[in-house]
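# Observations on the model geometry
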Amino acid sequence: MRSISILGATGSIGASTLDLIRRERDKWRVCALTAHGNVAELARLAREFSAEVAVIADEACLPELRAALAGSGIAAAGGETALVEAAARPVDITIAAIVGCAGLAPTMAAIEQGGIVALANKEALVSAGEVMTEAVTRHAATLLPVDSEHNAIFQCLAGNDPAHVRSITLTASGGPFRDWPAERLALATPAEAVKHPNWSMGAKISVDSATMMNKGLELIEARYLFPVGLERLRIIVHPQSIVHSMVEYRDGSTLAQLGPSDMRVPIASALAWPERMDTPCERLDLAAIGELTFRQPDEVRFPATRLAREAAQAGGAAPAVLNAANEIAVAAFLAGQIGFTRIAAHAEDMLSCYAPPAPGSLADVIAVDKEARERARSLMESA
Ligand code: NDP
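Residues numbered from 1 in each chain as written. Predicted model: local features only at pLDDT ≥ 70, side-chain atom pairs only at ≥ 80, totals over all residues. Heavy atoms only, no water.

## Focus on the packing of helix α10 (residues 203-211) against helix α11 (residues 213-225)
At a closest axis distance of 5 Å, the pairing of α10 and α11 adopts a crossing angle of 95°. Between α10 and α11, the angle is such that the two are roughly perpendicular. Between α10 and α11, the contacting residues are K204, I205, D208, S209 and T211 on the first element and M213, N214 and L217 on the second. In the contact of α10 with α11, the residues fall into 3 nonpolar, 3 polar and 2 charged. (Axes fitted to C-alpha atoms, helices over the stretch in contact; angles between N-to-C directions. Helix = DSSP H or I, 4+ residues; strand = E, 2+ residues; numbered from the N terminus. Parallel < 35°, antiparallel > 145°, perpendicular 65-115°, else oblique. Contact = heavy atoms within 4.5 Å. Nonpolar A, V, L, I, M, F, W, Y, C, P; charged D, E, K, R; others polar.)

## A look at the packing of aromatic side chains
The full count for this structure, using the stated rule, is 4 aromatic pairs. Seen in terms of ring centroids, F177 and F340 are 5.0 Å apart; in terms of plane orientation they differ by 90°. Their pairing is edge-to-face. Highlighted residues: F177 in the loop between β8 (165-172) and α8 (182-185) and F340 in the loop between α15 (318-334) and α16 (342-353), separated in sequence by 163 residues. The exposure classification of F177 matches that of F340, with both residues buried. (Phe/Tyr/Trp six-rings, centres within 6.5 Å; stacked < 30°, edge-to-face > 60°. Buried < 20%, exposed > 50% of the residue type's maximum accessible area, 1.4 Å probe, protein only.)

## Considering the site of the ligand
Taken together, 25 residues sit near the ligand, with T10, H36, G37, N38 and E123 positioned nearest. At 3.4 Å, a backbone N or O of V99 approaches an oxygen atom of the ligand. One nitrogen or oxygen atom from the side chain of E123 is found 2.6 Å from an oxygen atom belonging to the ligand. Considered on its own, the ligand offers 900 Å² of accessible surface; in the complex 85% of this is hidden by protein. For the shell around the ligand, the secondary structure elements donating two or more residues are α1 (12-23) and α6 (122-138). The residue makeup of the shell around the ligand, split by class, is 13 nonpolar, 9 polar and 3 charged. (Near = heavy atom within 4 Å. Polar contact = N/O pair within 3.5 Å; in protein donor to acceptor, adjacent residues only side chain to side chain. Areas by Shrake-Rupley, 256 points an atom, 1.4 Å probe, with all protein chains shown as cover.)

Spatial relationships are all this shows, so hold off on functional conclusions.
This is the structure in structure tokens:
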């Protein structure tokens, strides 16, 4: 039996992970399950999977969680400190699937246990790149990428010397607006933005996919996961989302990983690593798909990938500032407060007006993130 904790159990990645665990119930002991405010779902999952502890990050919800778990024998906890403590419980594998930089401290706590951390929470790595990768090395932890592109690259690199890599290409679906003219983008609504053509995901990453900021964050994520040099990282639009990414080697061979657009595939790859496990996912039928197409990203309509590359080049705190500004802008867009094209424009404004020193510790990254959020909010209010 292997032990597992799922940070962000009530989200889209959490649900896909638990779907796989449910099918192999006798092989897993569920330690901690966490959520932010969705008490009913957290309590339901904790009972179904006989979790040892359920943690609700919003401490005001703790009495409700306690009531929902009464008589179950499952420990209930609430608040950010409890979240970090739960993440620090030693387990064989932690699924880091909280959305946003809110997942950073618990993910770091899991890394400090030195086990396997399957990372979906890209914003944490984007904000804390050097600090997190250094912690992985120091604590002899294993960071397995769950993001489908990075999981694909991880698989394509297996057994190969990274010194032989000529380039790594991240594929992007292009999101729901990939064929929209520039003038229509300004009028895009939150409902249209979260309707992804290929993937079913949480609201924030769906908007990131629509702006292409998701691919920008992934470029920065790839830079830390696969240190082959920023200049070797490319992005290509591939509307069918079948090829999840590619690695080109110096001899001219390009290895790609293909699969259905179902996050259970990369999650299963991380859960079973270095073995393989069955999934219920639809099998790939290339003849039915017919054709796979590729095109260059359009950085005029979708400037987010350019911004991310610039932030990665600048290094230091710039990726954390970009991420914080984006999180604030996406939340404002989803709340109907700003237009779609303001999201990237806001991130660009923030990058040009706030350049704090490079963070050297987790506390530094959290401080940069906090300050960047405050500045991003006031910049938005004054615009
Ligand atoms: P969801 O919005 O569906 O779920 C987010 C999870 O995080 C929920 O459990 C939520 O709890 C919890 N959460 C939200 N805010 C906080 C907070 N402040 N403190 C603690 N917990 C919090 O997101 P996704 O599952 O779509 O995405 C999760 C991560 O995985 C993101 O970083 C995303 O970029 C990445 N990812 C997602 C993919 C996907 O297909 N969905 C693909 C690749 C990467 P509650 O339900 O109570 O709000």
